[in-house]
Amino acid sequence: MPSSADSLLGELSALAAALGPAFAPTGSEELLGALTETARQLFGAAACSIALVDEATDELVYTTAAGAGAADITGMRLPLSAGVAGFVVQSGQPVAVSDLQRDPRFARDVAEATGYLPTAILAVPVMSPRSVLGVLSLLDRDPTRPGAERDIETASLFASQAALAIEGAAAARYLGAVLLGQLSEAATAGSDLADVLRTAAAAETATPAAGAPNRDLVAVAALLGDLNRHGPRELRLALLILHEVLTYVDGRSSRPGP
Amino acid sequence: MRPAWSDAFLPDAVELVAGINAAPTREWAFAGASGRGVRVAIVDSGVDKTHPAVVGSFAAGASLTWDRDLEAVTTEDGDHPDLFGHGTACAGIVRALAPDCEISSVRVLGSNLTGKGQVFAAGLRWALDSGARVINLSLSTGRPDFFGLFHEVADEAHHAGVVLVCAMNNVPSPTYPSQYASVISVAASDPSDDEIALLCAARPPADFGAPGLDVEVAWLGGTTMKMTGNSFAAAHVSGLVARILSKHPHLRPYEVKSVLRAVATNAR
């Protein structure tokens, strides 16, 4: 590869790597930490945690926790096919259990790892409009406090906030990948630079958690690159179609909700 | 010349249909009914047939998963364990209300999330094709790209006279198929000593409320758990529908909805 291309690639990679952090909402991890602690206190719960889906391994990864066993549970991975949290993610349905210890399999793994054996759990899905991102769990909340009968609804509001923070951070993380993907397709097909950039884009999208929609975004950018090579008329046609799709999608999502 | 579909209404072609009882009572709807002859499909995490609260009559089921290599849904007919306990919980509630119904388990919840929407839709279709009269769904999706697919299956069920009972979801945006007009949408209400324990919602999209708060449900390993969720409320209504259909098999899904409304505790 010519040295000028080498240096360009170096600059592009640096730019791509910097884009995510540059555009990332500041303090999203801190926000999630504060959110779990606030929820824990509001619900009078022993602990509150957020676990996110890792689609590559079909696991739930506990990323944020507050309260009993928080340090031990953070970073823990559990299969999606087990436990309350796994069910909530699989079904998208919130569930509350008030006598957890009756099923020896239920949450035992968590309890053993954290040294805290909960009696009750309330788990609600953390959802984006497109998919279930993870689960927010509250252990042993105080059922006697005022407003406890609306706990599922209130916990779901916390989960919606968490989803916004998680989606924002994920979108920023993939900005670099989108840029590299677009550039790779815009470069002459088959050139060394195109190959290298494509590999770099693939590596960027391979970073863990919630990547699927963003990989689609890279694919869309790549297709636009292809069309651009066909000529301005083709690109204009594609834009018209995209506008139509957007109008259709906007119309459908503005369908009155409950 | 007659437009399409009008042949059925030619004077000599019009068929007799069962009339509607103008004011169905609980006695009319349920007395002496046990769910016998009605198949209820539980589209969920599997069903433990040996659980004391679930034992009884069963029909063949299937387990559906997403094959990542083939990028398609694969269906395995026959028995399969309950992965979470949730399907067993729903089956136990149905069995308690309609002891002689035939339960079949269609497992669509597995070990991963990939292809979940497709698996769920395929499971629903499998249940529909299997001869079930009632399909209990405690799952739904909010993904707009599945709106059409689920709508098609829900309409097909409605036209085939199959009653879909869906748990309402708990998210502020629409979910499918729980909010389609053709299904019966259920949310949890407080426990009640009344066996029928059905409340009719004054406003959609939820149609009915049924016990789903702190209810004692069957769980894995022959145990029971005290749980809260709209899914348990949906199973309660599925049990009631199985009872009604075992006594009044000619009822169409929209008539079943009317009967449920008439027998609701809060119906005037």
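Computed from a prediction, not measured in an experiment: that's the story for all the values here.

Rules used in this analysis
- Chains are numbered independently. Their residues run from 1 in the order of the written sequence.
- Throughout, the order in which chains and ligands are written sets their labels, letters from A for the former and numbers from 1 for the latter.
- This being a predicted model, a pLDDT of at least 70 is required before a residue's local features are given, and a value of 80 or more before pairs of side-chain atoms are given or counted; all residues contribute to the totals for chains, interfaces and linings.
- Hydrogens and waters are ignored; side-chain quantities use all the structure's heavy atoms.
- Helical segments are the DSSP runs of H or I of at least four residues, strand segments are the runs of E of at least two, and each set is numbered from the N terminus.
- Under the scheme applied here, a residue whose accessible area is under 20% of the maximum for its type counts as buried, over 50% as exposed, and between as partly exposed, the area being computed with a 1.4 Å probe on protein chains only.
- Reported accessibility uses the Shrake-Rupley method at a 1.4 Å probe radius. Residues are deemed covered only where the shown protein chains occlude them.
- At least two bridges found by DSSP between two strands is the condition for calling them paired.
- Lines fitted to C-alpha atoms define the axes here, with helix axes fitted over just the stretch in contact, and angles between the N-to-C directions of these axes take values from 0 to 180 degrees.
- Helices are assigned an expected span. That span is 1.5 Å times one less than the residue count.
- It only takes one pair of heavy atoms within 4.5 Å for two residues to be counted as in contact.
- Throughout, buried area stands for the accessible area (probe radius 1.4 Å) lost by two parts on being put together, summed over both.
- What makes a salt bridge here is a side-chain nitrogen of Lys or Arg within 4 Å of a carboxyl oxygen of Asp or Glu, nothing more.
- N or O atoms within 3.5 Å of each other form a polar contact, as long as, within protein, one can give a hydrogen and the other can take it, and as long as residues adjacent in sequence are counted only when both atoms are side-chain atoms.
- Gly counts as polar in this scheme, as do all residues outside two lists: the nonpolar Ala, Val, Leu, Ile, Met, Phe, Trp, Tyr, Cys and Pro, and the charged Asp, Glu, Lys and Arg.
- Per-residue confidence from the predictor is reported as pLDDT, a score between 0 and 100.

A few words now on the overall build of chain A. Helix and strand counts for chain A come out as 10 helices and 6 strands. The burial tally for chain A puts 44% of its 258 residues in the buried class. For chain A, the accessible area works out to roughly 12,800 Å², and carbon and sulfur atoms hold 61% of it.

A few words on the sheet that holds strand β4 (residues 95-97) of chain A. Taken in spatial order, the 8 strands of this open sheet run β3(A)-β2(A)-β1(A)-β6(A)-β5(A)-β4(A)-β11(B)-β10(B), and their pairing is antiparallel. In the strand order of this sheet, the two ends are held by β3 (77-79) of chain A together with β10 (215-218) of chain B, each with one partner. Pairs of neighbouring strands in the sheet enclose a mean axial angle of 30°, with direction left out of account. Bridge count for strand β1 (residues 47-54) of chain A against strand β2 (residues 59-67) of chain A is 8 bridges, and the pairing is antiparallel.

So, on to helix α3 (residues 116-129) of chain B. All names here are of chain B. Helix length check: α3, at 14 residues, gives a terminal C-alpha distance of 20 Å against a target of 20 Å (1.5 Å per residue), a fit within 8%. Three or more residues of α3 are buried, namely Gly 117, Val 119, Phe 120, Ala 121, Gly 123, Leu 124, Ala 127 and Leu 128. Within two residues after α3, Gly 131 carries a phi angle of roughly 100°, on the positive side.

Here we come to the interface of chain B and chain A. On the chain A side, the residues contacting the 43 residues of chain B number 35 residues. Across the chain B to chain A interface the summed buried area is about 3,100 Å²; carbon plus sulfur atoms make up 55%. For the pair chain B and chain A, the number of links is 1 salt bridge. The partner of Asp 58 of chain A in a salt bridge is Arg 68 of chain B, and the shortest N-O contact between them spans 3.2 Å. Put simply, chain B and chain A have 9 residue pairs in polar contact (both at pLDDT 80 or more) between them. Considering every element that reaches the side of chain B that touches chain A, the biggest residue donor is strand β11 (residues 224-228) of chain B, with 5 residues. Considering only residue class, the side of chain B that touches chain A consists of 17 nonpolar, 18 polar and 8 charged.

Attention shifts here to the confidence of the model for chain A. Residue and element names in this part refer to chain A. Looking at chain A, pLDDT values average 77 and 64% of them are 70 or higher. When mean pLDDT is taken per element in chain A, β1 scores highest with 94 and helix α9 (residues 212-230) scores lowest with 64. Segment residues 208-213: pLDDT under 50, and 11 contacts once partners within four positions in sequence are set aside and those in other chains are kept.

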